[in-house]
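# A closer look at the structure
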Amino acid sequence: MSNSITKALIRERLQYIYTQLLQGDFERNRIQSELHRLLEKSIELDLPLYQFEALKNLGVLHAILGELDQGLDYHLQAQTIAEKNDYISGIFNILNNLSNIYDRIGQPQKALQTIRQALEMAQTHPELKPHIILAGTNLGNLLCSQELYLEAETIFKYCMQVYHDLMINHRRDDIASRHLIAIYAGLAIIYTEQHSYRIAREYATLAESLLQNDTVFSRRLMAHLVKTRLAYYEPQSRTELQDQLSKVEQIIQQYAVLKGEIAHLLHREALYWRKRSKTELARHFAHQAKQIYETVNDQNNLMAIEALLEGLL
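Reference entry: report on the structure contained in this document. Just so we're clear, the structure is a prediction, and the values are computed from it rather than from any experiment.

Membership of the largest hydrophobic core comes to 106 residues, with the highest contact counts inside it found for Leu-21, Ile-262, Leu-266 and Phe-285. Leu-266 has contacts with Val-248, Ile-252, Phe-285, Gln-288, Ala-289 and Ile-292, leaving out every residue within four places of it along the chain.

Okay, structure coming up:
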């Protein structure tokens, strides 16, 4: 088989695997073995950009499973290759992913610093302009998690402006609903905190209406978590809160392979409700996170969630 055909096959498999990882549609041992084979072949053929993709995918795999030390290590290896080869979009992707990992290992300021760096890259490199929205929405979500709602609102509205510019002037259909879900959900969170429940519900409903075309679990989960908040603060029916909690549970079961990332979002939600002295909801999400931390043997976060639960007694 010629090198050109081999290269095309490696590229195709790496792209396919990355899609599987984002959708939670994979079997861990099989995909991990294939990524190591692709990495070895990329090294053998001296294909640094494919080495980068293989290492990045391994980092994503370990991160979403909750194995954050390994995820961090693979991402840093990939970052070294990307920087050495001036792979601009690759550097951006690594910064974006590293921000998530830093947030999950308890380094929120480093997470903010890293995602701001990614956003600045997207703003200064024209070829990365569509990624402004990705970095911006991730920055907005981090700001919301730290309850910096005014700055988060500014970021989400900026993302909306960039989105409309790309759609109107550049016809970038590939950035449509998936980014709108994140923007709408983020604005719904902010307006909920501002007690502007009518506006918040409008944005939450818009986000939920786009979910049928989206398979990325984190956006699906986020859209229902914000509706859970609305259902608590301003329920439209007696059963709305329980309905939303049931939808969250369905997503947890549907994307069970993505244990680590799901646990992180549930843990964050438990902290949100604890700060508001809503013990029952805080305990509900904390128990869900604890069950997952136990299955992935994440001792650091398990200790943190157990301390949280003890404080809720």
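Still more ground to cover, so stick around.
Right, let's talk about the side chain of Gln-244 for a bit. Tracing the backbone shows Gln-244 in helix α12 (residues 240-254). Side-chain polar atoms of Gln-244 contact the side chain of His-224, separated by 3.2 Å. Each residue touching Gln-244, except ones within four places of it in the same chain, is listed here: Glu-208, His-224, Lys-227, Thr-228 and Ala-231.

Quick look at the packing of aromatic side chains now. Under the definition given, this model contains eight aromatic pairs. Measuring from centroid to centroid gives 5.8 Å for Tyr-191 and Tyr-203, while their planes differ by 5°, and the two rings are stacked. You can see Tyr-191 sitting in helix α9 (residues 177-193) and its partner Tyr-203 sitting in helix α10 (residues 197-209), a full twelve residues away along the chain. Three or more aromatic residues joined by ring pairs make a cluster, and in this case those are Tyr-197, Tyr-232, Tyr-233, Tyr-272 and Trp-273.

Moving on: the packing of α12 against helix α14 (residues 279-296). At a minimum axis separation of 13 Å, α12 and α14 run at an interaxial angle of 10°. Considered as vectors, α12 and α14 are oriented roughly parallel to each other. Residues Leu-245, Val-248, Glu-249 and Ile-252 of α12 form the contact with α14, whose own contacting residues are Leu-281, His-284, Phe-285, Gln-288 and Ile-292. In the contact of α12 with α14, the residues fall into six nonpolar, two polar and one charged.

Each value, and the rule that gives it
Residues numbered from 1 in each chain as written. Predicted model: local features only at pLDDT ≥ 70, side-chain atom pairs only at ≥ 80, totals over all residues. Heavy atoms only, no water. Core = buried A, V, L, I, M, F, W, Y, C linked by side-chain atoms within 4.5 Å. Buried < 20%, exposed > 50% of the residue type's maximum accessible area, 1.4 Å probe, protein only. Contact = heavy atoms within 4.5 Å. Helix = DSSP H or I, 4+ residues; strand = E, 2+ residues; numbered from the N terminus. Polar contact = N/O pair within 3.5 Å; in protein donor to acceptor, adjacent residues only side chain to side chain. Phe/Tyr/Trp six-rings, centres within 6.5 Å; stacked < 30°, edge-to-face > 60°. Axes fitted to C-alpha atoms, helices over the stretch in contact; angles between N-to-C directions. Parallel < 35°, antiparallel > 145°, perpendicular 65-115°, else oblique. Nonpolar A, V, L, I, M, F, W, Y, C, P; charged D, E, K, R; others polar.

Function cannot be inferred from these measures alone, as they are strictly geometric.
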